[in-house]
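One letter stands for each residue in the lines below.
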2 protein chains.
Amino acid sequence: MVTTRRLMVIGGGEQKASEGCRAILEEVVAATEDRRLVVMTVASTLPVEGWEEYRDLFRELGVSDVRLVDVRQRTDAYDAPNVATLADGATCFLTGGDQLRITSQLGGSPVGRRLSELYRDGSVICGTSAGAAAMPDTMLIGGPGNRAADVSTVAMAPGMGLLSGLVLDSHFAERGRMGRILAAVAQNPSHLGIGIDEDTAIIVTTKRTGASFRVLGTGAVHVVDGTHIDHADFGDNLGDGVAVCNVVLHVLRDGDGFDLDERRPLARTRDRHEDTEQHARDHEKPRERRAAS
Amino acid sequence: MVTTRRLMVIGGGEQKASEGCRAILEEVVAATEDRRLVVMTVASTLPVEGWEEYRDLFRELGVSDVRLVDVRQRTDAYDAPNVATLADGATCFLTGGDQLRITSQLGGSPVGRRLSELYRDGSVICGTSAGAAAMPDTMLIGGPGNRAADVSTVAMAPGMGLLSGLVLDSHFAERGRMGRILAAVAQNPSHLGIGIDEDTAIIVTTKRTGASFRVLGTGAVHVVDGTHIDHADFGDNLGDGVAVCNVVLHVLRDGDGFDLDERRPLARTRDRHEDTEQHARDHEKPRERRAAS
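Residues numbered from 1 in each chain as written. Chains lettered and ligands numbered in written order. Predicted model: local features only at pLDDT ≥ 70, side-chain atom pairs only at ≥ 80, totals over all residues. Heavy atoms only, no water.

Chemist: In this structure, what is going on with the pairing of strand β11 (residues 210-217) of chain B? I would like to understand it.
Modeler: Walk down a regular strand and you will see the side chains alternate between the two sheet faces. Residues and elements named next belong to chain B. Two strands pair when backbone bridges link them, and strand β10 (residues 200-207) and β11 are joined in this way by eight bridges, in the antiparallel orientation. Bridging from a neighbouring strand, K207 pairs with G210 of β11. Taking the residues that link successive antiparallel strands as the turn, the β10-β11 hairpin has two residues. Inspection of the sheet shows β11 paired to strand β15 (residues 257-259) by three bridges, in the antiparallel sense. Within the sheet, the bridge partner assigned to S212 lies in β15 and is D259. (Pairing = 2+ DSSP bridges. Helix = DSSP H or I, 4+ residues; strand = E, 2+ residues; numbered from the N terminus.)

Chemist: Just to check I follow, could you spell out the packing of aromatic side chains for this structure?
Modeler: The description of two aromatic rings rests on the distance between their centres and on the angle between their planes. Residues and elements named next belong to chain B. Tallied over the entire structure, the rule returns eight aromatic pairs over all chains. Seen in terms of ring centroids, Y54 and F58 are 5.9 Å apart; in terms of plane orientation they differ by 25°. Their pairing is stacked. Here the residue Y54 and the residue F58 both occupy positions in helix α2 (residues 47-60), the gap between them amounting to four residues, near one helical turn. Accessibility assignment for this pair places Y54 and F58 in one class, buried. Ring centres of Y54 and F93 lie 4.8 Å apart, and the angle between their planes is 50°; on these two criteria the pair is classed as tilted. Pair noted here: Y54 is in helix α2 and F93 is in strand β4 (residues 91-94), with a separation of 39 residues, a long-range link. Just as Y54 is buried, F93 falls in that class too. (Phe/Tyr/Trp six-rings, centres within 6.5 Å; stacked < 30°, edge-to-face > 60°. Buried < 20%, exposed > 50% of the residue type's maximum accessible area, 1.4 Å probe, protein only.)

Chemist: Explain helix α1 (residues 23-32) of chain B to me, please; I cannot follow it from the model alone.
Modeler: Note: α-helices contain 3.6 residues per turn, so residues at a spacing of three or four share the same orientation. All names here are of chain B. With seven of ten residues buried, α1 is to be regarded as a mostly interior element. Among all positions in α1, only I24, L25, E27, V28, V29, A31 and T32 are buried. Trailing α1 by a residue or two, E33 shows a phi angle of about 50°, which is positive.

Chemist: Any chance you could explain the packing of helix α1 (residues 23-32) of chain A against helix α2 (residues 47-60) of chain A here in plain terms?
Modeler: All names here are of chain A. In contact at an axis separation of 10 Å, α1 and α2 are set at 70° when each is read in the N-to-C sense. In this view, α1 runs roughly perpendicular relative to α2, as classed from their interaxial angle. Touching L25, V28 and V29 of α1 are Y54, L57 and F58, all from α2. Classifying every residue of the contact of α1 with α2 gives six nonpolar, no polar and no charged. (Axes fitted to C-alpha atoms, helices over the stretch in contact; angles between N-to-C directions. Parallel < 35°, antiparallel > 145°, perpendicular 65-115°, else oblique. Contact = heavy atoms within 4.5 Å. Nonpolar A, V, L, I, M, F, W, Y, C, P; charged D, E, K, R; others polar.)

The structure is reproduced here in structure tokens:
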């Protein structure tokens, strides 16, 4: 058992077209090095299409050993060849779809246990969209977008248990999910809420000394910290809105880091301004650098 | 000049159908007492329809003296009969549409000055949607919904100057506007950001001793307080996303109050649970009261 574990939690919609910057998929490839990359399409109702798309992408980006673990029903998760495909050291990539498909098909099965074992042994586990949302002990499975916090409409269920002490949401700004993550955090402020935009990921590193993440991609990561909540009111009835005071919010961007134990942002791990001249060439309206307030 | 001024700032989409609870429009009527209520449709490109709808609603709710100030072009804002319609003590109600129409047509005109004068003299000024957004010194006029904070796409302009030290946004949760209010607050954390949901209002009372508001309606009011921001990064180029740390967020509900000078929530001014039995009858799935955390 190694002491460093790594997850790559992607908010969905990562850049796939070769014309754009595929920083997130390239990071998956870099993490794989020259080992095996296993694509798991269990969340999807279109597993063939999902597999073919990612297989071609990862091959194009230089991975030679890309494999599929194809779980469409629970018996597939007991299939010995599927378990064997999850070879020592393999990076795993869980595609999007429905996070309940992931846990209902894999939970407690040999494939599910093997995935946890790989993670504990130092393999990088990557998930996008549903594959991301399913990672914590408790996962968000539903709730409306573009609506203020409301307990009755935020559904949660037991997740894959790869991350503790937080709830995750994907497609965050794009689907207006601040309300549902606030509702989840208000229900148990011991848990951080982390909302990840599309084409954006957090790379979570857990060591004996603590856990932290850094942000990669073009969108934002919203961290909702309920530690200092001094008033929370859920009303009397299902459907009543949540009132909650003194939530702390951080909006993090590519290169920013966050200490999950101390619950505080870390100094930048890369210079967001390093490619300013390239940006200036790429944009029609460059501007003077603004002073940080 | 009186010492107490009142604004009713409505997030748009207030309940109008008689089957629903029309608490917000009823509050406008209550504020009017037996005086005149002037509807101002300047924000709208459909002023006739807007006027007829609100005229009929306010009459149905018991206001006998409902008048229109019809400004469709700037010369209308210099029209003496329009100025005269804004009689002493009249409550004013600004309908929705485009906040830039309000300021571009009324700003610096006799009608615009008369409106400010009425407010200073104690008349209640109400605005919904664009009519709400236009009230502060600086108003939000545009910016995408469902997108994380991004300076380049949040447009602001000088507003009506009825409120200082804050920026307002309407249709808040419904249109996923957390990103744009965060961008506005990050640009100048001396200003509070206040996002008001549909069918929800804040009633702002300004006295010599200070300013506060209370919440009315079925949605939430999000207060974004940038006082404690310790890191803000706008990137180098227009279009770069905003990173910002340590924003404080409050989600307030019907009956909650907020002290605008101290920037802190106030004790509830009404009991949200007083009509629990009615709620229990109205909902199919009543539940036990949850403990506040």
